[in-house]
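# Structural features, examined
What follows is the residue order along each chain.
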Amino acid sequence: MLPIANGGHEMNAAIYYFTGTGNSLAVARGIAERLHGDLIPIASVVDRETIESDADVIGITFPVYYADAPNIVRRLAEKLGDTKGKYIFAVCTYGGAAGASLKTLAHILEARGSKLSAGFGVHMPQNAFRKPWEVKPLAYRQAPKRTDFIVRSVEAGRTGLFYSNVVIQAIMAPFQGWIRRMTSLALEKASSTPAPSGLTVEQLIPLAGKSFSADAKCTGCGTCARVCPVANIKIVDKKPVWQNRCENCLACYDWCPTNAIHGPLASSNYRYRHPDVTAHDIAAR
Ligand SMILES: Cc1cc2nc3c(=O)[nH]c(=O)nc-3n(C[C@H](O)[C@H](O)[C@H](O)COP(=O)(O)O)c2cc1C
Ligand code: SF4
Ligand code: SF4
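Structural notes, computed from the coordinates. (Residues numbered from 1 in each chain as written. Chains lettered and ligands numbered in written order. Predicted model: local features only at pLDDT ≥ 70, side-chain atom pairs only at ≥ 80, totals over all residues. Heavy atoms only, no water.)

## Some words on the site of ligand 1
The condition that has to hold: A molecule or strand has a residue near it when one of that residue's heavy atoms lies within 4 Å. Whenever two N or O atoms come within 3.5 Å, that pair is a polar contact, provided that in protein one can donate a hydrogen and the other can accept it, and provided that, for residues adjacent in sequence, both atoms are side-chain atoms. In short, Shrake-Rupley with a 1.4 Å probe defines the accessible areas, and a residue's cover is counted only from the protein chains shown. Helix and strand assignments follow DSSP, with helices taken as H or I runs no shorter than four residues and strands as E runs no shorter than two, numbered in order from the N terminus.
Surrounding ligand 1, one finds 23 residues, the nearest of these being Thr19, Thr21, Val64, Ala67 and Gly96. Contacts to ligand 1 include tyrosine 66, whose backbone N or O atom sits 3.0 Å from a nitrogen atom. Alanine 67 places a polar main-chain atom, nitrogen or oxygen, 2.6 Å from an oxygen atom of ligand 1. Taken by itself ligand 1 offers 650 Å² of open surface, and the protein chains cover 92% of this. Residue assignment for the shell around ligand 1 shows that the elements contributing at least two residues are helix H1 (23–35) and strand S4 (87–94).

## A look at the pattern of salt bridges
Definition in use: By salt bridge we mean one thing: a side-chain nitrogen of Lys or Arg within 4 Å of a carboxyl oxygen of Asp or Glu. Partly exposed residues are those whose accessible area sits between 20% and 50% of the maximum for their type, while under 20% is buried and over 50% is exposed, using a 1.4 Å probe and protein chains only.
Per the stated rule, a full pass over the model turns up eleven salt bridges. Residues aspartate 148 and arginine 34 are paired through a salt bridge, measuring 3.0 Å at the closest nitrogen-oxygen approach. Of this pair, aspartate 148 sits in helix H4 (residues 136–155) while arginine 34 sits in helix H1; the two residues are 114 residues apart in sequence, bridging distant segments of the chain. You can call aspartate 148 partly exposed: its relative accessible area is 25%. Each of Asp68, Arg74, Arg180 and Glu202 takes part in a single network of salt bridges with overlapping partners.

## Concerning the pairing of strand S9 (residues 239–242)
The two faces of the sheet receive side chains in turn, since in a regular strand these alternate between them. Applied cut-off: The criterion for strand pairing is that DSSP finds at least two bridges linking the strands in question.
The alternating pattern of S9 places Pro240 and Trp242 on a buried face and Lys239 and Val241 on a face that is not buried. With four bridges joining them, strand S8 (residues 233–236) and S9 adopt antiparallel strand pairing. In the sheet register, valine 236 faces S9, and the bridge partner there is lysine 239. Linkage of S8 to S9, two consecutive antiparallel strands, is achieved through a turn of two residues, within which aspartate 237 is found at a positive phi near 50 degrees.

What follows is the structure in structure tokens.
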């Protein structure tokens, strides 16, 4: 139970999370522990027609993809049931900046007559490519302080958007449209879709997932299929076959024990996993 003062009534929390390489899970865990809330993988509920929760406080934790919110997180927000009187907050983790992710969630909820009460950014290591100047231990050390700020803000019922790096957020904001156009081009290329396709980034994301392949190092162990949050990989004749529901989360690529997976979505020879998260944690949904 969460000791938020609301007419003396104790409130309970549900923390939904999506993760590919563990950053968002590590942050979501920290928040759920502090709020004594339930930790719920978004993948375990997102295929329901409506997602209902008894919780008074709903948290949504996820990574930023292509300067915006992942498809699966948008689907969750579109399906949340009765949210009247609930405090809804979102936490995005990113390697650089939150982009439009929190605002996108706010718009989706608003269009459904609901409201994003607060949004928070947490700077974590970049999982999509190597940043030579990045000091990962520093990011891990800062995360608990940020979690503390988020928890105290939620308990106080604070409202607004709170980025961890306001300056970078402000510098990047004018480039949002350009970033999305460049992303479309890159995803068209990755998915071998003739350009200009007229497809949105969100439509191109599942198509681009088809570009993964496994080389001769593949042992057929099935880890990639188990960690995939959306069951997008079938093991056929001891080899992974990618389907058409990809979220581009890179879980298959990063958790493969033999580094057998390749594709234009991933930066070759760079693999990332949060040190406190295991493949078993990722697969639990
Ligand atoms: C497909 C993809 C796109 C990404 N796009 C961005 C981005 O636009 N901005 C950013 O700061 N980080 C971006 N990242 C980095 C992740 O948001 C960041 O490392 C996040 O903490 C990973 O969370 P996870 O470990 O829970 O999957 C991207 C990662 C992936 C896989
Ligand atoms: S995780 Fe790697 S080794 Fe295991 S089946 Fe998938 S590609 Fe092959
Ligand atoms: S196929 Fe790989 S990148 Fe796509 S959603 Fe599944 S684990 Fe993530």
